[in-house]
Amino acid sequence: MEELIRKANTLVEALPYIRAFFDRIVVIKYGGAAMENDALKASFAKDVTLLRFIGLRPVIVHGGGPQIGQLLARLGKQSEFVDGVRITDEETMDVVEMVLVGDAGGQAIGLTGKDAGGFLRVRRLLGPGGRDLGRVGTPERVDVSLIRTLTKEGFIPVVAPVGVDADGHTYNVNADTAAGAIAEALAAEKLILLTDVEGVLGDDKRLIQQMSAGDVRRAITDGTVKGGMIPKLECAVQALERGVTAAHVIDGRVPHALLLEIFTDGGVGTKLVRSKG
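Conventions adopted
- Residues numbered from 1 in each chain as written.
- Predicted model: local features only at pLDDT ≥ 70, side-chain atom pairs only at ≥ 80, totals over all residues.
- Heavy atoms only, no water.
- Buried < 20%, exposed > 50% of the residue type's maximum accessible area, 1.4 Å probe, protein only.
- Helix = DSSP H or I, 4+ residues; strand = E, 2+ residues; numbered from the N terminus.
- Pairing = 2+ DSSP bridges.
- Salt bridge = Lys/Arg side-chain N within 4 Å of Asp/Glu carboxyl O.
- Phe/Tyr/Trp six-rings, centres within 6.5 Å; stacked < 30°, edge-to-face > 60°.
- Lys NZ or Arg CZ within 6 Å of the ring centre and 35° of its normal.
- Contact = heavy atoms within 4.5 Å.
- Expected span 1.5 Å × (residues − 1).
- Polar contact = N/O pair within 3.5 Å; in protein donor to acceptor, adjacent residues only side chain to side chain.
- Core = buried A, V, L, I, M, F, W, Y, C linked by side-chain atoms within 4.5 Å.
- Axes fitted to C-alpha atoms, helices over the stretch in contact; angles between N-to-C directions.
- Parallel < 35°, antiparallel > 145°, perpendicular 65-115°, else oblique.
- Nonpolar A, V, L, I, M, F, W, Y, C, P; charged D, E, K, R; others polar.

Colleague: How would you sum up the pairing of strand β1 (residues 25-30)? Please name residues and give values.
Modeller: The buried fraction of β1 is high, at six of six residues. With burial as the criterion, each face of β1 is covered, one bearing Ile25, Val27 and Lys29 and the other bearing Val26, Ile28 and Tyr30. Bridge analysis of β1 against strand β2 (residues 57-62) gives six bridges, and the strand direction is parallel. Each residue of the ladder has a partner; that of lysine 29, found in β2, is valine 61. Note that β1 and strand β11 (residues 190-195) share four bridges and pair parallel. Across the sheet, valine 26 pairs through a bridge with lysine 190, a residue of β11.

Colleague: Go over the pattern of salt bridges, please, and point to the residues and values.
Modeller: Within this structure, the stated rule accounts for 10 salt bridges. Measuring nitrogen to oxygen at the nearest pair gives 2.8 Å for the salt bridge that ties arginine 253 to aspartate 251. Given a relative accessible area of 7%, aspartate 251 falls into the buried group. It is possible to trace a salt-bridge network through shared partners that takes in Lys29, Asp176 and Lys232.

Colleague: Kindly report on the packing of aromatic side chains, identifying the contributing residues and their values.
Modeller: Under the defined criterion, the tally for this structure stands at two aromatic pairs. Relative to phenylalanine 44, the ring of tyrosine 30 lies with its centre 4.1 Å away and its plane at 5°, an arrangement referred to as stacked. Separated by 14 residues along the polypeptide, tyrosine 30 in strand β1 and phenylalanine 44 in helix α2 (residues 38-53) bring together distant segments of the chain. The pair tyrosine 30 / phenylalanine 44 is uniform in exposure class, with both members buried. Across from the ring centre of phenylalanine 53, 4.2 Å away, lies the NZ or CZ of arginine 52, which sits over that ring. The ring of tyrosine 171 is capped by arginine 135, whose NZ or CZ atom sits 5.8 Å from the centre of that ring.

Colleague: Hey, could you go over the environment of proline 157 for me, with residue numbers and the actual values?
Modeller: Looking at where proline 157 falls in the secondary structure, it is placed in strand β8 (residues 156-160). Separated by 11 residues in sequence, proline 157 and leucine 146 have C-alpha atoms that sit 9.3 Å apart. Here proline 157 is in contact with Pro58, Val59, Ile60, Ile109, Leu111, Ile147, Leu150 and Thr151, once residues within four sequence places are set aside.

Colleague: An account of the pairing of β11 is requested, with residue identities and associated values reported.
Modeller: Counting buried residues in β11 gives six out of six residues, a clear majority hidden from the surface. Alternating positions in β11 separate into two faces, Lys190, Ile192 and Leu194 on one and Leu191, Leu193 and Thr195 on the other, with burial throughout. Across six bridges, β11 lies against strand β13 (residues 246-251) in parallel orientation. Pairing of leucine 191 across the sheet is with alanine 247, part of β13.

Colleague: Please provide a residue-by-residue account of helix α7 (residues 175-186), values included.
Modeller: Here α7 is 12 residues long and its end C-alpha atoms lie 16 Å apart, about the 16 Å a rise of 1.5 Å per residue gives. Most of α7 is tucked away, with 10 of its 12 residues classed as buried. Residues of α7 that are buried include every one of Ala175, Asp176, Ala178, Ala179, Gly180, Ala181, Ile182, Ala183, Glu184 and Leu186, and no others. Of the residues that open α7, the one with a side-chain oxygen 3.0 Å from the backbone nitrogen of aspartate 176 is asparagine 174.

Colleague: If you had to explain unusual backbone geometry to someone new, which residues and values would you point to?
Modeller: A positive phi angle is found at aspartate 23, which is not glycine, with a value near 65°. Residue aspartate 23 is classed as partly exposed on the basis of its relative accessible area of 44%. The backbone of histidine 256 shows a phi angle near 60°, a positive value even though the residue is not glycine. Residue position: histidine 256 is located in the loop between β13 and α10 (257-263). Note on histidine 256: relative accessible area 36%, which makes it partly exposed.

Colleague: Hey, could you go over the nonpolar core for me, with residue numbers and the actual values?
Modeller: Ranked by size, the top nonpolar core spans 42 residues in total, and within it Val27, Leu191 and Leu272 carry the most contacts. If sequence neighbours within four positions are ignored, leucine 191 has contacts with Val27, Ala179, Gly180, Ala183, Cys235, Ala236, Ala239, Val244, Ala246, Ala247 and His248. Leu56, Ile60, Ile156 and Ile250 belong to the second-largest nonpolar core, a separate cluster that totals 23 residues.

Colleague: Break down the packing of α7 against helix α9 (residues 229-241) for me, with residues and values.
Modeller: For the pair α7 and α9, the least separation of the axes is 9 Å and the interaxial angle reads 5°. As summarised for this structure, α7 and α9 are arranged roughly parallel, according to the angle between their axes. Here Asp176, Thr177, Gly180 and Glu184 of α7 come into contact with α9, specifically with Lys232, Cys235, Gln238 and Ala239. Per-class residue counts for the contact of α7 with α9 are two nonpolar, three polar and three charged.

Below, the structure written as structure tokens:
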């Protein structure tokens, strides 16, 4: 009986969030361990399906990093990164498209930035000192009319972050960056980044449950935040400043992390909000 009451209390706790987020768009960057572990993959799929059935409009941006690296390794090709961005030559671009394109099922609709006349328009991204990163792009413009229509019709868009430039050439786009740009263009309620860490950790290595955009900048400046978390947070802060209501960095290794973050009072990761004033 106690277990049944606990479950009922969980539903009651979720009710105001279900009401508040009804018909709102949530952009989720799917990557890391959640893409590699079969149990976590099944958990994530159920969570996203539940979001749709209770009235939210989820949009998935498919990272695919581990799978791309594994396939490249099998082909005898070494992955090389600069500031978290995969250097992408012509051969690697072929592998990126093989892994990412069309990974969808059920009510999911697989898309790439090349669809609908190139809805993810990009330009070539250069590394530090003007270093050539190959076929790596950064978003310039996002036409989300197709994504918006699909979500209204009850479908779940699964977007592979492959963009196209003005000349029709395809480029690999960092999935966090693509998710942020798509969330901005949709004026999404939430941008959620799945990672392989708890969230943002403080100097004491404990989870920071909420940060403002100003808090994030200070944490980057003083070195509290380091490494691969920096571009994720920069992407999230930019999305907040361009109209996204809230951003979240959560641990994709936790079963049902998505539901726990959205529908419980405490959440399980770090919530990022706009600075006041």
